[in-house]
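# Structural characterization, general
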Amino acid sequence: MSDCSSSASDEDLDPELELLDELGGTLSKWTNYIHGWQDRWIVLKGNILSYYRSADEKEYGCRGSICLSKAVITPHEFDECRFDISVNDSIWYLRAEHPLLQQQWIDTVELHKAESGYGSESSLRRHGSLLSLTSAASGLSTTSASSFKKGYSLQEKLAEMETFRDILCRQVDTLQKYFDNCADIDSKDELHRDKASDDEEDFLTSRPNGDYLLNNNNSSKEKLFSVDSLKGSLGIDFKGEAITFKATTAGILSTLSHCIDILVKKEESWQRRLDKEIERRRRAEDAYKAALTELKKKPHYGGPDYEEGPNSLINEEEFFDAVEAALDKHDQIEEQSQAERSRASRQIFLPPDTYSSISTQKYLTKVEEMVQSHMTYSLQDVGGDANWQLVVEEGDMKVYRREVEENGIVLDPLKATHAVRGVTGHEVCHYFWDTAFRNDWETTVESFQVVETLSDKAVIIHQTHKRVWPASQRDVLYVSVIRKILSTNENDPDTWLVCNFSVDHDSYPPSARCIRAKINVAMICQTLISPPEGDKEITRDNILCKITYVANVNPGGWAPASVLRAVAKREYPKFLKRFTSYVQEKTSGEAILF
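Report on the accompanying structure. Quantities reported herein were computed from a predicted structural model and do not represent experimental measurements. (Residues numbered from 1 in each chain as written. Predicted model: local features only at pLDDT ≥ 70, side-chain atom pairs only at ≥ 80, totals over all residues. Heavy atoms only, no water.)

## Some thoughts on the overall build of the protein
Scanning the protein from terminus to terminus reveals 11 helices and 22 strands. By the burial criterion, 38% of the 594 residues in the protein qualify as buried. Long-range contacts, defined as pairs at least 24 residues apart, comprise 61% of the intrachain contacts of the protein with a sequence gap of at least 6. By element, 51% of the accessible surface of the protein is carried by carbon and sulfur atoms, the whole surface being about 35,300 Å². (Helix = DSSP H or I, 4+ residues; strand = E, 2+ residues; numbered from the N terminus. Buried < 20%, exposed > 50% of the residue type's maximum accessible area, 1.4 Å probe, protein only. Contact = heavy atoms within 4.5 Å. Areas by Shrake-Rupley, 256 points an atom, 1.4 Å probe, with all protein chains shown as cover.)

Pasting the structure below:
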C-alpha cells in the first residue's frame, strides 16, 4: 500500500460536510509477508480512516488513508479479533487485541460511514442562499453564463429556489392586500355613485390632477376621492411591486430551467454509470466463475489468509515452492555473509562442571534423565525393528528417518551418522555447544539469548529462528548441556555429548508473535585414533571423529507433512556438512583437544 492512497473520487467528498471529532487507537495491521502484523496508530476523522506508524509520528503525515463513503467492513470468518476494510482494490487487514474491541471499532467505523452520506434533505438546507429582493429584481441576470460556472450545483440552485419561493410568497401577500383595499374603495365609490344619481343636479367632474369632484346645485364643488389618498392609505408602490413580482417569477423560471438542464446532464451521467456498472458486474460474474475453477492453480500471496494453517488457501505444492524459494534465498545470503565474516580463532576453554545455585536443582533431574536416555537409545543400531528409513547417503554421511504424526503434525524422529577426519569429539561438541560460536555456523537462527546459567556446562537458551514464508516464525526455549561420558570398557573410546531439550521458564512464556516449537536434540561424538608409525606424535591425520546426531522436533503448528519431510531431507545434510567443515577450519593448525 502506498503511503497516502485514497480510494474515493473527489465527487464522493462533500466539501461542506461537518466533520466528526477525531478518534484514534492502536490496532495490528497486516503490512506484508515479510513483516506480518505490526502495531499501527489508526485515526478516524469524519469519513477518512488513516494510519501512522505510531501516535508520536502523526506530525510527519499519515502512511495511508481511505475514504469510508464506499468502504466495506467485513469481520473475519475464523479470527474473532480481526476485521477487513476494503475500498475497490484496496484492502486493510486489521486486528484488535480483544473481540470486544474489534466490535467497537466496527461499530464506530460503520457509524462514521453512515454520517458521511451526502445529498440528503438536511444537507441541502445547509446551503443558505444570500439572494436579496434587489438581486431578484435584476430579472434574467441570474441565468447568465456565470450561473453555469463550475461550483454551481443542483443543491445550490434548489437553495435559490427556496429563497425565490419565500420572496414570491411575500410579494403575493402584499399584492393581495393591495387588491383587497382596492375592492373596498370600489364598493364605496358605487355607494357615492348611487347618491349622485338620486340628485339630478349633482354630477362628477374630473380635474387635470386626476381628482374627482362632486358638483351640486349650489355650484359648490366637493372632492370625492383621489389616487394619492388611495396610495397613502395603502403605502404600496404598485408599479414597483409589479416589476419585482415579474423579476421574481422570471428568476424562478430561469432557475427551474437550469435545474432541468442539470437533471438532464445528471440523468445522462447516471445512465452511463449504470451501463458501466452493469457491464462491470457482468465481467465480475464471469471472472468469479473463472476464478472458482482456477483457484487451486494460481498462487495468491500477500495477505494473512495465505499463511500456514489448516485454513490456508495455499495448496501443498505452492506451499513447498514458497518454502524452497525462501530457503534458497537464506542460503545465498549465508554464503555472502560467510565470505565477509572474520575468521579470527577463539581459545577453547571449558571450566569445571560445577552447578551455580540450589535454584537450578529442578532442572538437574531432567538433565540426567535426558543424558542417560540418549546414551542408551540414540547409539543403538538403525537395523532390526526400529523402522528407520535411509533417506540420504552422501559419502560417510547417512540420514535416517521414522515417519511419525500426531494430530496431523509431523514429528518424524531423525538420525544421522557421519565421520569427520582431523577433529576430536571434544572439539565438535564444544563448537556445537558454546554460544560464542553459534552465529558462525548456524544460519537458521535470527537471535538467541542465554536466559539462565545453570552451571559452567549447562545453560537455558531462548532462540528465535528466521521465518520461512509462508510458515509462521518459530522460537524454542531449551536447556543445553555438554558432558563427557567415560567408557566402561577400556577398548572403547570416551564419548562427548551435547544435549538440547525444551523446558519452560517463567521469564520467557510463549508469545503471540512466534509459535513455540519443542526440541530434543543430541550431538554424540567419539574419537577414534589410528596409531602413528614408530614413535611419531599423533597428528590430526591420525584422528577420526564418529558423529551420531539425533533430533526429535515438534514444530508446534500445522504445515503440510510433505513440506516438512522435504525440508528435513534437504536441510539436515546441509547442516551437518556446513558445521563439520566449520569445525575442521577452526581447528586446523591448533593443538588437538581430546
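## So, the pairing of strand β18 (residues 474-485)
Sheet faces and side chains relate simply in a regular strand, where the side chains alternate between the two faces. The element β18 is extensively covered by neighbouring structure, given that 10 of its 12 residues are classed as buried. As defined by bridge partners, β18 adjoins strand β20 (residues 515-516) across 2 bridges and the pair is classed as parallel. The residue bridging Asp475 from the neighbouring strand is Arg516, located in β20. Sheet analysis places β18 next to strand β19 (residues 495-502), joined by 8 bridges and oriented antiparallel. Bridge assignment links Lys484 to a residue of β19, and that residue is Trp496. (Pairing = 2+ DSSP bridges.)

## Let's talk about the side chain of Arg483
Along the chain, the position of Arg483 falls in strand β18. The exposure class of Arg483 is buried, given its relative accessible area of 13%. Of note is the side chain of Arg483, whose polar atom sits 2.5 Å from the side chain of Glu368. (Polar contact = N/O pair within 3.5 Å; in protein donor to acceptor, adjacent residues only side chain to side chain.)

## Here's the deal with the environment of Val459
Along the polypeptide, Val459 turns up in strand β17 (residues 458-465). Those residues within four positions of Val459 in sequence are excluded, and the remaining contacts are Val450, Glu452, Thr453, Leu454, Tyr478, Val479 and Ser480.

## Points about empty space enclosed by the protein
In the structure shown here, the tally under the stated rule is 3 cavities of 30 Å³ or more. What lines the largest cavity is a set of 47 residues, among which Thr444, His465, Val553, Val567 and Tyr572 lie closest to the centre. When contributions to the lining of the largest cavity are tallied by element, the ones reaching two or more residues are α7 (316-340), α10 (438-441), β17, β18, β21 (518-529), β22 (543-554) and α11 (561-587). No other element matches the 9 residues that α11 contributes to the lining of the largest cavity. (1 Å grid on protein atoms, 1.4 Å probe; cavity = no way out; pocket = protein on both sides within 12 Å on 5 of 7 lines; lining within 4 Å. Points joined across faces, edges and corners; volume = space filled by probe spheres on them.)

## Some remarks on the environment of Gln103
Turning to its location among the elements, Gln103 is positioned in helix α1 (residues 99-115). For Gln103, a relative accessible area of 38% translates into the label partly exposed. Sequence separation between Gln103 and Cys81 is 22 residues; the distance between their C-alpha atoms is 8.4 Å.

## Concerning the pairing of strand β2 (residues 36-45)
Strand direction decides the pairing type here: strand β1 (residues 23-32) and β2, joined by 9 bridges, are antiparallel. Bridge assignment links Leu27 to a residue of β2, and that residue is Arg40. When β2 meets strand β3 (residues 48-52), the two strands line up antiparallel, connected through 5 bridges. Looking at β3, one finds that Ile42 is bridged to Tyr51.

## Some points on a nonpolar patch on the surface
The grouping of Ile529, Ile538 and Phe594 at the surface amounts to a nonpolar patch, some 260 Å² of accessible area in total. You can see Phe594 is positioned in the segment after α11. Note on Phe594: relative accessible area 45%, which makes it partly exposed. (Patch = residues over 30% accessible without salt bridge, like charges linked within 9 Å, V, L, I, M, F, W, Y side chains within 5 Å. Salt bridge = Lys/Arg side-chain N within 4 Å of Asp/Glu carboxyl O.)

## Quick look at helix α9 (residues 425-433)
Structural remark: α-helix, 3.6 residues per turn; residues separated by three or four positions point the same way. Of all the 9 residues making up α9, 9 are buried; the element is thus mostly covered by neighbouring parts of the structure. When we look at burial in α9, the residues that qualify are Gly425, His426, Glu427, Val428, Cys429, His430, Tyr431, Phe432 and Trp433.

## A closer look at the sheet that holds β1
What the 7 strands build is an open sheet, ordered β4-β3-β2-β1-β7-β6-β5; its pairing is antiparallel. The sheet is open, and its two borders are formed by β4 (64-67) and β5 (72-75), each paired with just one other strand. On average, each strand axis in the sheet is tilted by 35 degrees relative to the strand beside it, whichever way the strands run. (Axes fitted to C-alpha atoms, helices over the stretch in contact; angles between N-to-C directions.)

## Let's talk about the side chain of His374
Inspection of the secondary structure assignment puts His374 in helix α8 (residues 361-378). Ignoring sequence-local partners within four residues, the contact set of His374 consists of Leu379, Leu497, Cys499, Asn520, Val521, Ala522, Ile524 and Val550.

## Thoughts on the packing of α9 against α11
Look at α9 against α11: their axes get within 10 Å of each other, and the N-to-C directions meet at 110 degrees. Relative to α11, α9 is oriented roughly perpendicular. As for the relative orientation of α9 and α11, their crossing is right-handed in sense. Every residue of α11 that contacts α9 at Glu427, Val428, Tyr431 and Phe432 is listed here: Phe575, Phe579, Tyr582, Val583, Lys586 and Thr587. The residue inventory of the contact of α9 with α11, partitioned by class, reads 7 nonpolar, 1 polar and 2 charged. (Parallel < 35°, antiparallel > 145°, perpendicular 65-115°, else oblique. Left-handed = near helix turned anticlockwise from the far one by under 90°. Nonpolar A, V, L, I, M, F, W, Y, C, P; charged D, E, K, R; others polar.)

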